[in-house]
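The chain contents come next:
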Amino acid sequence: GATLDGPASAIAVVTGFVAAQLDNTELDDGSFSDPRFQFSGLYSTDDVLQVVDKRFRQHDGYYHWAFTRLALFEYEEAFRGNGASPVKMPWEQVSFDETVEHIYPQNPSGTGLAYWSEHVPMDGRSNRNGKLGDALKNALGNLLLLSRGDNSSASNHAYTDKLPLFRNNTYSSTEVAQHFDHWNALTIAVRSVAMLRFIERRWGIELSATPADLGSYLPLCFGSQHEAVVSGKAGRK
């Protein structure tokens, strides 16, 4: 029923429709916050938490999730600023298999094993079936866009050995190198929360009912394993 007078108005209507699908709200008088669309939005903070928790129970977490690909790209673009700086990671190059780096490696081994054993000391009983390790490895904050060649080079190395690759690669990898001298469960949590807060701002959604309490984001960081991480089962409490 919309009246369209050209492409701009058509785009505005579609944009409004997508936004209404997300968060259109029925008011007390029976009308809707966007009266053009007579339906309530489908977005639910509780549903998001359930999806995240299910993904961690299946071991994947944020890895291989289409939304993560978009979030990592948008996070990279945010560090690029107003667009005046060159693109370092084009959208079509964002690939889980080729350009998404696990900072804490999927399979710590070789020369990096001693570093990761020290900085992410896993409690064996808490890591039955590898779920605690997977929660850390596949947390949003542990995933980083890195050029194809350097992603392959980083592999299972210690974080301190990866730092030179991070410093002059993507904008988001440079940000990691500037802020973190070492990598452990705490830094994964810190970066995960920062990225979740970015997602809230970027898409105008609410992931926590108590955003002032940063700890309220931890179930979204690690799924059902968040209590084990908090209690120090993978290092520092």
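Preceding block: the structure.
In this report, we go over the structure that sits alongside the text. Just so you know, these numbers come straight off a predicted model, no measurement behind them.

Here we look at the overall build of the protein
- Looking only at helices and strands, the protein has 11 helices and two strands in total.
- Reading the protein from its N terminus to its C terminus gives the helix and strand order α-α-α-β-α-α-β-α-α-α-α-α-α.
- Based on the C-alpha atoms only, the size of the protein along its principal axes is roughly 65 × 40 × 30 Å.
- A buried classification covers 42% of the 237 residues belonging to the protein.
- Taking all contacts inside the protein whose residues are at least 6 apart in sequence as the whole, residues at least 24 apart take part in 63%.
- Total accessible area computed for the protein in this model is approximately 12400 Å², and 52% of it derives from carbon and sulfur atoms.
- Separation of charge centres in the protein, based on 21 positive and 28 negative side chains, amounts to 8 Å.

Observations concerning the packing of helix H7 (residues 159–167) against helix H8 (residues 171–179)
- It is the contact of H7 with H8, at a shortest axis distance of 8 Å, that shows an interaxial angle of 135°. By the criterion of interaxial angle, the relationship of H7 to H8 is oblique. Seen from above, H7 lies across H8 with left-handed handedness. Touching Tyr159, Leu163, Phe166 and Arg167 of H7 are Ser173, Thr174, Val176 and Ala177, all from H8.
- Tallied by class, the residues present in the contact of H7 with H8 amount to five nonpolar, two polar and one charged.

As for the packing of aromatic side chains
- Per the counting criterion, the structure on display carries 16 aromatic pairs.
- An angle of 65° between the planes, with centres 5.7 Å apart, marks the rings of Phe17 and Phe37 as edge-to-face. A residue pair is termed long-range when its members are at least 10 positions apart, and Phe17 in helix H1 (residues 7–23) and Phe37 in the loop between H1 and helix H2 (45–57) qualify at 20 residues.
- What makes Phe17 partly exposed here is its relative accessible area of 36%.

Focus on the pattern of salt bridges
- Following the criterion strictly, the structure yields seven salt bridges and no others.
- Taking the shortest distance from any N to any O, the salt bridge between Asp53 and Arg57 comes out at 2.8 Å. Taken together, the positions of Asp53 and Arg57, both in helix H2 and four residues apart, correspond to about one turn of that helix.
- Asp53 sits in the buried class, given a relative accessible area of 18%.
- Residue Arg57 is classed as partly exposed on the basis of its relative accessible area of 45%.
- For Arg202, the salt bridge goes to Glu74, with nearest N and O atoms at 3.1 Å. In this pair, Arg202 is assigned in helix H9 (residues 185–203) and Glu74 in helix H3 (residues 66–79), connecting sequence segments 128 residues apart.

Topic: the layout of surface pockets
- Taken as a whole, the largest pocket spans an internal volume of roughly 330 Å³.
- Lining the largest pocket are 16 residues, and of these Tyr43, Val48, Trp65, Phe67 and Ile205 lie nearest its centre.
- Where the lining of the largest pocket is concerned, the elements lending two or more residues are H2 and H9.
- Broken down by element, the residue count for the lining of the largest pocket peaks at four residues, all from H2.
- Of the residues that constitute the lining of the largest pocket, the class distribution is 14 nonpolar, one polar and one charged.
- A per-class count over the lining of the second largest pocket returns 10 nonpolar, one polar and three charged.

Here's the deal with the nonpolar core
- Counting residues in each nonpolar core, the largest one holds 54 residues, and the members touching the most others are Tyr62, Leu136, Tyr159, Trp183, Leu196 and Phe222.
- Looking at this core, the element that brings in the most residues is H9, giving eight residues.

Let's talk about H9
- The end-to-end C-alpha distance of H9 is 27 Å, a good match for the 27 Å that 19 residues give at a rise of 1.5 Å each.
- Residues of H9 that are buried include every one of Ala185, Thr187, Ile188, Ala189, Arg191, Ser192, Val193, Met195, Leu196, Phe198, Ile199 and Glu200, and no others.
- For H9, the elements touching its buried residues are H3, helix H5 (131–137), strand S2 (143–145), H8, helix H10 (218–222) and helix H11 (226–230).
- Structurally, the start of H9 carries an N-cap: the backbone nitrogen of Leu186 is 3.0 Å from a side-chain oxygen of Asn184.
- Positive backbone phi, approximately 65°, marks Gly204, located one or two places after H9.

What counts, and where the lines are drawn
- Residues numbered from 1 in each chain as written.
- Predicted model: local features only at pLDDT ≥ 70, side-chain atom pairs only at ≥ 80, totals over all residues.
- Heavy atoms only, no water.
- Helix = DSSP H or I, 4+ residues; strand = E, 2+ residues; numbered from the N terminus.
- Buried < 20%, exposed > 50% of the residue type's maximum accessible area, 1.4 Å probe, protein only.
- Contact = heavy atoms within 4.5 Å.
- Areas by Shrake-Rupley, 256 points an atom, 1.4 Å probe, with all protein chains shown as cover.
- Lys, Arg positive; Asp, Glu negative; His and termini not counted.
- Charge placed at Lys NZ, Arg CZ, Asp CG, Glu CD.
- Axes fitted to C-alpha atoms, helices over the stretch in contact; angles between N-to-C directions.
- Parallel < 35°, antiparallel > 145°, perpendicular 65-115°, else oblique.
- Left-handed = near helix turned anticlockwise from the far one by under 90°.
- Nonpolar A, V, L, I, M, F, W, Y, C, P; charged D, E, K, R; others polar.
- Phe/Tyr/Trp six-rings, centres within 6.5 Å; stacked < 30°, edge-to-face > 60°.
- Salt bridge = Lys/Arg side-chain N within 4 Å of Asp/Glu carboxyl O.
- 1 Å grid on protein atoms, 1.4 Å probe; cavity = no way out; pocket = protein on both sides within 12 Å on 5 of 7 lines; lining within 4 Å.
- Points joined across faces, edges and corners; volume = space filled by probe spheres on them.
- Core = buried A, V, L, I, M, F, W, Y, C linked by side-chain atoms within 4.5 Å.
- Expected span 1.5 Å × (residues − 1).
- Polar contact = N/O pair within 3.5 Å; in protein donor to acceptor, adjacent residues only side chain to side chain.

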